[in-house]
Amino acid sequence: MKTLLINSHPEFNKKTTYSSKLQDLFLGKFHEQFDPNQITTINLYDMDIPRVEQGQLLTIWEKKRVGEILTQGEKKIDETSVALLKQFKDHHRIVIVSPLHNFNVTSRLKDYLDNILIARETFKYTETGSVGLMVDDYKMLFLQASGGIYTNNDRYTNLDFSYKYLKEVFEEIMGFSRVGIVRAQGTNLLLKEEEIMNEAEKMLNHEWNLFV
């Protein structure tokens, strides 16, 4: 069962971020149990991700809908988008590593998902609403670093839109069988790194068997 690790941190190669520490925590556990060749890692901020805007996906989708010929530049963008979708579908275990940006996912992660949420590919429309097509034991684990704490059942709990968004998109729209989260939170508070990562490791241990 292949795993795709999607790093959506703008500073993906900076090892001191808590997102990086979460990724290392996951990889350490993964490599204890699985062959390293079973995991593929991509860094979204080191890639050209097609965007939903004029001259890119909006133009390409419309041209393909009416049968117009794509320019060479549009063909290249379209090929990139198709390749991202194929790679995504070929991996049954998805791991997303991300900081919390203004209570939501990073902009590049949203761009990536715009290439994945494609009708008749990962979901389809029916007379009674959309139906997920990713139902063959697909699972997703979200590794999120945040400056604040979002599990204290206070005013901040309802502001963590990132996990809510991803959970609904992956489970309700695409049909994933499981979506979980591991948090390194409170990184901007007066908490020790050891305390933050110990809590993250407990969450990972809890989610692990549900994920694999």
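Residues numbered from 1 in each chain as written. Predicted model: local features only at pLDDT ≥ 70, side-chain atom pairs only at ≥ 80, totals over all residues. Heavy atoms only, no water.

## Examining the environment of F30
Its place among the elements puts F30 in helix α1 (residues 18–33). By relative accessible area, which is 2% here, F30 ends up buried. On a C-alpha basis, the gap between F30 and V212 in space is 9.4 Å, while along the polypeptide they are 182 residues apart. Non-local contacts of F30, meaning those with residues more than four positions away in its chain, are made with T3, D35, Q38, I39 and W208. (Helix = DSSP H or I, 4+ residues; strand = E, 2+ residues; numbered from the N terminus. Buried < 20%, exposed > 50% of the residue type's maximum accessible area, 1.4 Å probe, protein only. Contact = heavy atoms within 4.5 Å.)

## Overview of the packing of α1 against helix α6 (residues 193–211)
Contact pair α1 / α6: the axes reach a minimum separation of 11 Å and the direction vectors enclose 45°. What the angle tells us is that α1 and α6 run oblique. Relative to α6, α1 is oriented so that their crossing is right-handed. Facing α1, whose interface residues are Y18, K21, L22, L25, F26, K29, F30 and Q33, α6 presents E193, I196, M197, A200, E201, L204, N205, W208 and F211. (Axes fitted to C-alpha atoms, helices over the stretch in contact; angles between N-to-C directions. Parallel < 35°, antiparallel > 145°, perpendicular 65-115°, else oblique. Left-handed = near helix turned anticlockwise from the far one by under 90°.)

## Side note on the sheet that holds strand β7 (residues 178–185)
Spatial strand order, β2-β1-β3-β6-β7: five strands in an open sheet with parallel pairing. The open sheet has two free edges, formed respectively by β2 (39–43) and β7, since each of these has just one partner strand. Within the sheet, the average angular offset between the axes of one strand and its neighbour, ignoring direction, is 15°. (Pairing = 2+ DSSP bridges.)

## A few points about the packing of helix α2 (residues 57–66) against helix α3 (residues 72–90)
Orientation of α2 relative to α3, taken along the N-to-C sense of each, is 95°, at an axis distance of 10 Å. Here α3 runs roughly perpendicular to α2, going by the angle between their axes. Contacts between α2 and α3 involve L57, T59, I60, K63 and K64 from the former and E74, I77, D78 and S81 from the latter.

## Points about the nonpolar core
Counting residues in hydrophobic clusters, the biggest one holds 28 residues, and the most contacted among them are F88, I94, Y112, M140, F170 and F176. Where this core is concerned, the elements lending two or more residues are β1 (3–7), α3, β3 (93–99), α4 (107–114), β6 (139–146), α5 (161–173) and β7. Those residues in contact with F176 that lie beyond four places of it in its chain are F88, I94, M134, Y138, K139, M140, F170 and E171. Of all hydrophobic cores here, the second largest spans 20 residues; its members include F26, A145, I196 and L204. (Core = buried A, V, L, I, M, F, W, Y, C linked by side-chain atoms within 4.5 Å.)

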